[in-house]
Amino acid sequence: MQATDQTMKEQVQSLWTSKRPLIISGPCSAETESQMLETAQRLAATGKVDMLRAGIWKPRTRPGMFEGIGVKGLPWLLQAKKITGLPTTVEVATAKQVEDALSFDVDVLWIGARTTVNPFSVQEVADALRGVDIPVLIKNPINPDLELWTGAVERVQKAGIKQVGLIHRGFSSYGNSEYRNAPMWHLAIEMKRRNPELPIICDPSHISGRRDILQAVSQKSVDLDYDGLMIESHIDPDNAWSDAKQQITPERLAELLNDIVWRKEDVNSEEYHAALEKLRQQINHLDDELMQILAQRMKVADKIGQYKKENSITILQTNRWNEILERAFKKGEAMGLSKEFITKYYDALHMESINHQNKIMND
Ligand code: PEP
Ligand code: MN
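What you are looking at is a predicted structure, and each value in this text was computed from that prediction instead of being measured.

### Here's the deal with the overall build of the protein chain
Inference 1: Across its full length, the protein chain holds 14 helices and 8 strands.
Inference 2: Overall size of the protein chain, expressed as C-alpha extent along the three principal axes, is 80 × 50 × 40 Å.
Inference 3: The buried share of the protein chain, reckoned over its 363 residues, is 45%.
Inference 4: Contacts spanning at least 24 positions in sequence make up 74% of the contacts within the protein chain whose residues lie at least 6 apart.

### Section: the site of ligand 1
Inference 1: The environment of ligand 1 is made up of Cys28, Arg53, Lys58, Glu91, Trp110, Gly112, Ala113, Arg114, Lys139, Arg169, His206 and Glu232.
Inference 2: The contact in question runs from an oxygen atom of ligand 1 to an N or O atom on the side chain of His206, over 3.3 Å.

### Some words on the coordination of the manganese ion (ligand 2)
Inference 1: Of the protein atoms, only Cys28 (SG), His206 (NE2), Glu232 (OE) and Asp243 (OD) coordinate the manganese ion (ligand 2), at distances of 2.1 to 2.4 Å.
Inference 2: Within one chain, the residues serving as donors to the manganese ion (ligand 2) are arranged as C-x177-H-x25-E-x10-D. One end of the pair, Cys28, is in the loop between strand 1 (22-26) and helix 2 (33-46); the other, Glu232, is in strand 8 (residues 228-232), with 204 residues separating them in the sequence.
Inference 3: For Cys28, a relative accessible area of 1% gives the class buried.

### Quick notes on the packing of helix 13 (residues 318-334) against helix 14 (residues 339-362)
Inference 1: Helix 14 packs onto helix 13 with a crossing angle of 145 degrees between their chain directions and a minimal axis gap of 10 Å. Crossing handedness for the pair helix 13 and helix 14: right-handed. Counted together, Trp321, Ile324, Leu325, Ala328, Phe329 and Gly332 of helix 13 and Lys339, Ile342, Thr343, Tyr346 and His350 of helix 14 form the full contact between these two elements.
Inference 2: Class assignment of the residues belonging to the contact of helix 13 with helix 14 gives a composition of 7 nonpolar, 3 polar and 1 charged.

### Notes on the UniProt feature "domain: Chorismate mutase" (unreviewed entry) in the protein chain
Inference 1: Here the UniProt-annotated "domain: Chorismate mutase" (unreviewed entry) positions come out as residues 270-361.
Inference 2: End-to-end, the C-alpha atoms of residues 270-361 are 55 Å apart, and along that stretch the chain is 88% helix and 0% strand.

### So, the pattern of salt bridges
Inference 1: Inspection of the entire model under this criterion finds 19 salt bridges.
Inference 2: Among the ionic pairs, Asp203 bridges to Lys139, the shortest N-O distance being 2.7 Å. Of this pair, Asp203 sits in the loop between strand 7 (200-202) and helix 9 (204-208) while Lys139 sits in strand 5 (residues 136-139), and the two are 64 residues apart along the sequence. For the pair Asp203 and Lys139, a shared accessibility class is recorded, and that class is buried.

Rules behind the numbers
Residues numbered from 1 in each chain as written. Chains lettered and ligands numbered in written order. Predicted model: local features only at pLDDT ≥ 70, side-chain atom pairs only at ≥ 80, totals over all residues. Heavy atoms only, no water. Helix = DSSP H or I, 4+ residues; strand = E, 2+ residues; numbered from the N terminus. Buried < 20%, exposed > 50% of the residue type's maximum accessible area, 1.4 Å probe, protein only. Contact = heavy atoms within 4.5 Å. Near = heavy atom within 4 Å. Polar contact = N/O pair within 3.5 Å; in protein donor to acceptor, adjacent residues only side chain to side chain. Donors = N, O, S within 2.8 Å, 3.2 Å for Na, K, Ca; no water. Axes fitted to C-alpha atoms, helices over the stretch in contact; angles between N-to-C directions. Left-handed = near helix turned anticlockwise from the far one by under 90°. Nonpolar A, V, L, I, M, F, W, Y, C, P; charged D, E, K, R; others polar. UniProt positions renumbered as here; feature names shortened; annotations may be inferred. Salt bridge = Lys/Arg side-chain N within 4 Å of Asp/Glu carboxyl O.

Next up, the structure:
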């Protein structure tokens, strides 16, 4: 299939605005011409992929690893597009990379996590994009900072780019964890809340860092009503030149997409809406009660504060706090509440209590 530049632009435009979920896949890195073309063909054969990705310049954490094939890989990507009819997307981090990608008709650009953290680099890319009409996806920065992510969005928008989207690829943390990059879903949800007009795509590959949890991470993003998925695929994942542990074959990708339960944010059934409305009212009611109980709890904390003040006792008494937490973990576990939630909830409760008591002590 061969598309003219104009029809390809229209295809990308329509994918961007109305294809949901938008599925982007391809290798972490373009390695050889045959690897790129075979991956693209096998992806297209699944009939489930909307756009081809490939890393051409790879920002690797440590030197000495494969740092991308460079400009040499761009004609392979153009060829992959010609063969499959699928538009392409590439990561760019410098003005020169933007120029090279554009000269090989890359259809969508993305800014990587290591670039989003650096306003100088984002500005350089944004300046190179001035006057260009191309969609740009912006990955979250590697550190959990929504302002940096927002700043990158603003820099690209100020350069005149109209179609900006977000990619959630998780956040680095020190030490081992289940994930390569902690998803911190609440941050992506907050970014989505602040920017409802920007499409948000999940990158389960870089969140997971391994194949066995890709399905669960993808499902979670679908349940959170993301607009699409970017998943790395390779014809021989174990021997990939980068990110070998997290890549899957095109056929495995098709299975993964098949096994996802696609939920709709909204459906048009009156019965469903009525049932949902009832449940929502229950939630509102319970939230009101919780709020009242919390206010009562603070009033008791105020009394304790008064008592401590009269008897010159410190506000924080570690033993008592440990006792409260132990009790809460036990009770919470029995009621199906996670330790993580109980910890966060009690931390917030404790801080509010201390603030109340502080006020009383110093009045
Ligand atoms: C990539 O998509 O291959 C990549 C380098 O991603 P990130 O910027 O999320 O690390
Ligand atoms: Mn990768």
